[in-house]
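Take a look at the letters that make up each chain.
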Amino acid sequence: MSTPTAPRSRYSLGSTKNLVYSLFAVLGMVLVLILLVPRVNSVGGPPVNVSATAADVKEQSGWPIVEPVGLPSGWTPTSVRYVRVTDNFMTWHVGYKTPSGTFVAVEQTQDPSRAWIAAQTNRAPLEGTVEIAGRTWEKYVRDSKVQNSLLSVPEEGSGELTTLITGTATFEEMGTFVESLQPVG
């Protein structure tokens, strides 16, 4: 004796109408999920403690490094490190995001090679000089990659470090940044 089977549902037979209803149900659920799930506008890294790292690097290296002090509101530190870069030069780096959303960094090293300067300026051509905060800076502009740089090379034997200000910031923003640079105490 065989058991009777339940009759098939008319819904399971499929129709264009049922397909459309299913599609709308799935799209409705997806829309609800999109509206409910929060989205971030930007991703930030961990907090950057420039002063503490600067003190450690100064103690470790003995170099007369600088850090920005008293920048106007809206300037946010994004990176700080003391690493070996082009031609094996140890380099002090502090990067900031400007109020306009561009980036600027100070890079310092001792007696760098031409290759270090070329790499840090992204091989930008020299466009002249500019006076900022009582110092003469070489001005480099790389239009094709949007990178501006200011370079100050001290006199030989002065004990100062070569200082490079570089990034996507305008030269006006770089001037504000340069004026805030103070020796790490």
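For the structure, see preceding data.
Here the structure is a predicted model, which is why all the values come from computation and not from measurement.

**Focus on the sheet that holds strand 7 (residues 147-152)**
And step 1. The antiparallel open sheet is built from 7 strands, whose spatial order is 2-3-4-8-7-6-5. A strand with exactly one partner marks an edge of an open sheet, and here the two such strands are strand 2 (76-84) and strand 5 (126-132). Mean inter-strand twist for the sheet, computed between neighbouring axes without regard to direction, equals 20°.
And step 2. Note: strand 4 (residues 103-109) against strand 8 (residues 162-167), 6 bridges, orientation antiparallel. What sits directly across from Thr109, in strand 8, is Thr162.

**Here's the deal with the pairing of strand 7**
And step 1. Counting buried positions along strand 7 yields 6 of 6 residues, so the element is predominantly enclosed.
And step 2. Both faces of strand 7 are covered, namely the face carrying Gln147, Ser149 and Leu151 and the face carrying Asn148, Leu150 and Ser152.
And step 3. Here strand 6 (residues 135-142) runs beside strand 7; their pairing, made up of 5 bridges, is antiparallel. Bridge pairing in strand 7 places Glu138 opposite Leu151.
And step 4. Where strand 6 folds back on strand 7, the antiparallel hairpin that results is connected by 4 residues, among which Val146 adopts a positive phi of roughly 50°.

**Comments concerning the side chain of Glu107**
And step 1. With respect to the element layout, Glu107 can be found in strand 4.
And step 2. Despite being buried, Glu107 has no salt bridge partner; Arg81 is the closest side chain of opposite charge, sitting 5.3 Å away.
And step 3. Within the structure, Glu107 has its side chain in polar contact with the side chain of Gln120 (distance 3.2 Å).
And step 4. Sequence-distant contacts of Glu107, that is, excluding residues within four places in its chain, are made with Thr91, Trp92, His93, Trp116, Gln120, Thr162, Thr163, Leu164 and Thr166.

Each value, and the rule that gives it
Residues numbered from 1 in each chain as written. Predicted model: local features only at pLDDT ≥ 70, side-chain atom pairs only at ≥ 80, totals over all residues. Heavy atoms only, no water. Pairing = 2+ DSSP bridges. Helix = DSSP H or I, 4+ residues; strand = E, 2+ residues; numbered from the N terminus. Axes fitted to C-alpha atoms, helices over the stretch in contact; angles between N-to-C directions. Buried < 20%, exposed > 50% of the residue type's maximum accessible area, 1.4 Å probe, protein only. Lys, Arg positive; Asp, Glu negative; His and termini not counted. Salt bridge = Lys/Arg side-chain N within 4 Å of Asp/Glu carboxyl O. Polar contact = N/O pair within 3.5 Å; in protein donor to acceptor, adjacent residues only side chain to side chain. Contact = heavy atoms within 4.5 Å.

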